[in-house]
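# Reading the structure
What follows is the residue order along each chain.
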Amino acid sequence: MKKMSTYLLVMFMIVFWVVRIIVTLAGQLGKDFLGMVPMNEMFEIVILFATLLCLILVAKRKLVGSLIYLTLHAIYFGGDITSKLNIMANNTPLTLGQSSQLMFSFLGIVLPIAVLIDLLLDKNRKNNPKDKKTDWFYKNENFDRELDDRADKNNYRTM
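The structure reproduced in this document is the subject of the present report.

Rules used in this analysis
Residues numbered from 1 in each chain as written. Predicted model: local features only at pLDDT ≥ 70, side-chain atom pairs only at ≥ 80, totals over all residues. Heavy atoms only, no water. Axes fitted to C-alpha atoms, helices over the stretch in contact; angles between N-to-C directions. Helix = DSSP H or I, 4+ residues; strand = E, 2+ residues; numbered from the N terminus. Parallel < 35°, antiparallel > 145°, perpendicular 65-115°, else oblique. Left-handed = near helix turned anticlockwise from the far one by under 90°. Contact = heavy atoms within 4.5 Å. Buried < 20%, exposed > 50% of the residue type's maximum accessible area, 1.4 Å probe, protein only. Core = buried A, V, L, I, M, F, W, Y, C linked by side-chain atoms within 4.5 Å. Salt bridge = Lys/Arg side-chain N within 4 Å of Asp/Glu carboxyl O.

## Quick word on the packing of helix α1 (residues 4–28) against helix α4 (residues 96–121)
- Between α1 and α4, the shortest axis-to-axis distance is 10 Å and the interhelical angle comes to 150°. It follows from the interaxial angle that α1 and α4 lie roughly antiparallel. Where α1 crosses over α4, the handedness of that crossing is left-handed. Contact with α1, carried on its side by Ser-5, Thr-6, Leu-9, Phe-12, Met-13, Phe-16, Val-19 and Arg-20, involves Phe-104, Leu-107, Gly-108, Leu-111, Ala-114, Val-115 and Asp-118 of α4 and no other residues of that element.

## A few points about the side chain of Asp-118
- Topologically, Asp-118 is positioned in helix α4.
- The class for Asp-118 is buried, based on a relative accessible area of 9%.
- What Asp-118 contacts, discounting residues up to four positions off in sequence, is Lys-3, Ser-5, Thr-6, Leu-9 and Arg-61.

## Section: the nonpolar core
- Core analysis: the biggest nonpolar cluster contains 22 residues, and Met-13, Phe-16, Tyr-69 and Leu-111 have the highest contact counts within it.
- At the level of secondary structure, the elements contributing two or more residues to this core comprise α1, α2 (41–59), α3 (63–89) and α4.
- The greatest single-element share of this core, amounting to 6 residues, is contributed by α1.
- Setting aside chain neighbours within four positions, we find Tyr-69 in contact with Met-13, Phe-16, Thr-51, Cys-54, Leu-111 and Pro-112.

## Side note on the pattern of salt bridges
- Evaluated as defined, the whole model comprises 3 salt bridges.
- When the shortest N-O distance is used, the salt bridge between Arg-20 and Glu-44 registers 2.9 Å. In this pair, Arg-20 sits in helix α1 while Glu-44 sits in helix α2, placing the two residues 24 residues apart along the sequence. Here the two residues Arg-20 and Glu-44 agree in accessibility, since each one is buried.

## Here we look at unusual backbone geometry
- Even without being a glycine, Arg-61 presents a positive backbone phi close to 65°.
- Residue Arg-61 is classed as buried on the basis of its relative accessible area of 11%.
- Positive phi outside glycine occurs at Asn-91, with the angle close to 60°.
- Structurally, the position occupied by Asn-91 is in the loop between α3 and α4.
- The class for Asn-91 is exposed, based on a relative accessible area of 72%.

Right under this line is the structure:
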């Protein structure tokens with residue numbers, strides 16, 4: 001992770017993951033967290049474990065991690081967004097719990113899209129995976145040749 005945007009997105013992924021853990025635990029205990037309950041507890045648990053893998057892959061700048069992250073979250077939160085929008089289309093007001101679930105569902109879709117866009121816009125991810133801070137030392141063959149040529153010209157005699 002070389003970019004500040006990647007650091008921030010991974011931090012937001014972790015915060016969102018922790019909130020979803022709290023929601024799932026509260027749902028298991030029969031309570032709600034800010035009016036939110038898990039829509040499908042088994043699928044929520046699967047997503048929580050898959051998010052760990054996606055966090056590692058996104059930190060390593062792998063496009064597969066962001067695609068898996070987006071796919072799982074789009075499947076899970078997409079249905080909730082459409083159901084809440086259908087409720088709003090019928091001119092029925094949403095409760096506080098439904099509004100908070102809608103907000104977190106939007107966040108659950110926007111965050112993976114932002115991660116995918118960040119990885120797609122990073123030109124250095126594939127083209128130049130080198131670190132400029134250390135390449136001058138490890139990848140500089142011309143400097144090594146100059147030192148070798150100078151070292152060969154020293155004709156010190158020992159008696």
